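Structural overview
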Amino acid sequence: MELCFPAARCLPANQSRRRKVRDGFIRCGIAEPSGMPAPMGQKTKYNDGFFERAFMSLFARKMDKFGSGKGGDGDLKWYDYGGFVEVSKKVMQGRNRKQQQEVVREVLLSMLPPGAPAQFRKLFPPTKWAAEFNAALTVPFFHWLVGPSEVIEVEVNGVKQRSGVLIKKCRYLENSGCVGMCVNMCKLPTQDFFTNEFGLPLTMNPNFEDMSCEMVYGQVPPPIEEDPVSKQPCLADLCSISNPSSTVCPKLQG
């Protein structure tokens, strides 16, 4: 979870070292000349600093620990974003959807102090304020993981509120190119963690046409069988482990 400290490399290309906000998106770490994510089909260049690499390494080590039983908290190996994604791919191999989600759940729980979910429930009951507050926190804290985002207005149970987060182009999806990793290693476990561990409903709606994603705090996610992502085919041109002949990504089945 990233905080854009002044010492971090939170700057678009050719700009001074300070946080920039333009067109509503925080552009911390983007190394593209435009300061925005690269077009579809191209990988966005990021200028990751110490804090970004620290969080990538921490998550990757935790993922490796719970996924393979190797490494762990005492392992001081440093990872870049590509290394973090490769660890995620290894976790996915040989596991069904439920097992992949369980590894991510264990990783998330291991990042928190004992009793944190219960404390979260007390501090943030499922109210409009809590949903909007967590949406606001998501933009700066998760930039290293998903890329630039902004808070947007959404409608939850007929009520308009600023509890939505629009991820311009998800860094995790564009680097993995894998529908199964997006759904099983990010969307479903994150939804489940906030909804069932923290008690604050969250629905994530990835768009595989442009790799954007909408997060809606306060909205209860649908069962996977009723979620449109359950019928999503592989991104055959982008995923190294895709099955172009399958009408649905094989990693979403079973």
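Given the structure is predicted, the values throughout are model-derived calculations rather than measurements.

1. Side note on a nonpolar patch on the surface
A cluster of nonpolar side chains, Trp 129, Phe 133 and Leu 137, forms an exposed patch at the surface whose accessible area comes to about 290 Å². Looking at where Leu 137 falls in the secondary structure, it is placed in helix H5 (residues 128-141).

2. A closer look at unusual backbone geometry
Positive phi values are uncommon outside glycine, yet Asn 157 reaches one of about 55°. Mapped onto the fold, Asn 157 is located in the loop between strand S3 (149-156) and strand S4 (159-167). Positive phi, close to 65°, is recorded for Met 211, a residue that is not glycine. With respect to the helices and strands, the residue Met 211 is situated in the loop between strand S5 (202-207) and strand S6 (212-217).

3. Things to note about the environment of Ser 149
Along the chain, the position of Ser 149 falls in strand S3. The class for Ser 149 is buried, based on a relative accessible area of 2%. When the C-alpha atoms of Ser 149 and Val 165 are compared, they prove to be 6.5 Å apart, with 16 residues separating the residues in sequence.

4. Side note on the packing of helix H2 (residues 81-92) against helix H8 (residues 179-197)
For the pair H2 and H8, interaxial distance at closest approach is 11 Å and the crossing angle is 85°. One way to sum up the angle between H2 and H8 is to call them roughly perpendicular. Where H2 approaches H8, its residues Val 85, Ser 88, Lys 89, Val 91 and Met 92 are matched on the opposing element by Gly 180, Met 181 and Met 185. Looking at the contact of H2 with H8 residue by residue, the classes come out as 5 nonpolar, 2 polar and 1 charged.

Rules of the game
Position numbers for residues count from 1 along each chain, tracking the sequence in the order it is written. Under the rules for a predicted model, residues below a pLDDT of 70 receive no local features and side-chain atom pairs below 80 are neither given nor counted, while totals for whole chains, interfaces and linings still include all residues. In computing side-chain values, all of the structure's heavy atoms are included and hydrogens and water are not. Candidates for patches are residues over 30% relative accessible area with no salt bridge; among them, like charges are joined within 9 Å and nonpolar side chains (Val, Leu, Ile, Met, Phe, Trp, Tyr) within 5 Å. Here the Shrake-Rupley method, with its probe set to 1.4 Å, supplies the accessible areas, and only the displayed protein chains count as covering residues. Any Lys or Arg side-chain nitrogen located within 4 Å of an Asp or Glu carboxyl oxygen qualifies as a salt bridge. Put simply, DSSP marks the helices as runs of H or I at least four residues long and the strands as runs of E at least two long, and each gets a number from the N terminus on. Exposure is judged per residue with a 1.4 Å probe applied to protein chains only, and the accessible area is read against the type maximum: over 50% gives exposed, under 20% gives buried, and values in between give partly exposed. To define axes, lines are fitted to C-alpha atoms, for helices over the stretch in contact only, and angles between the resulting N-to-C directions are given on a 0 to 180 degree scale. Note on angle classes: values under 35 degrees are labelled roughly parallel, values over 145 roughly antiparallel, values of 65 to 115 roughly perpendicular, and the remainder oblique. Any two residues whose heavy atoms approach within 4.5 Å are treated as being in contact. Ten residues, namely Ala, Val, Leu, Ile, Met, Phe, Trp, Tyr, Cys and Pro, are considered nonpolar, four, namely Asp, Glu, Lys and Arg, are considered charged, and the remaining ones, Gly among them, are considered polar.

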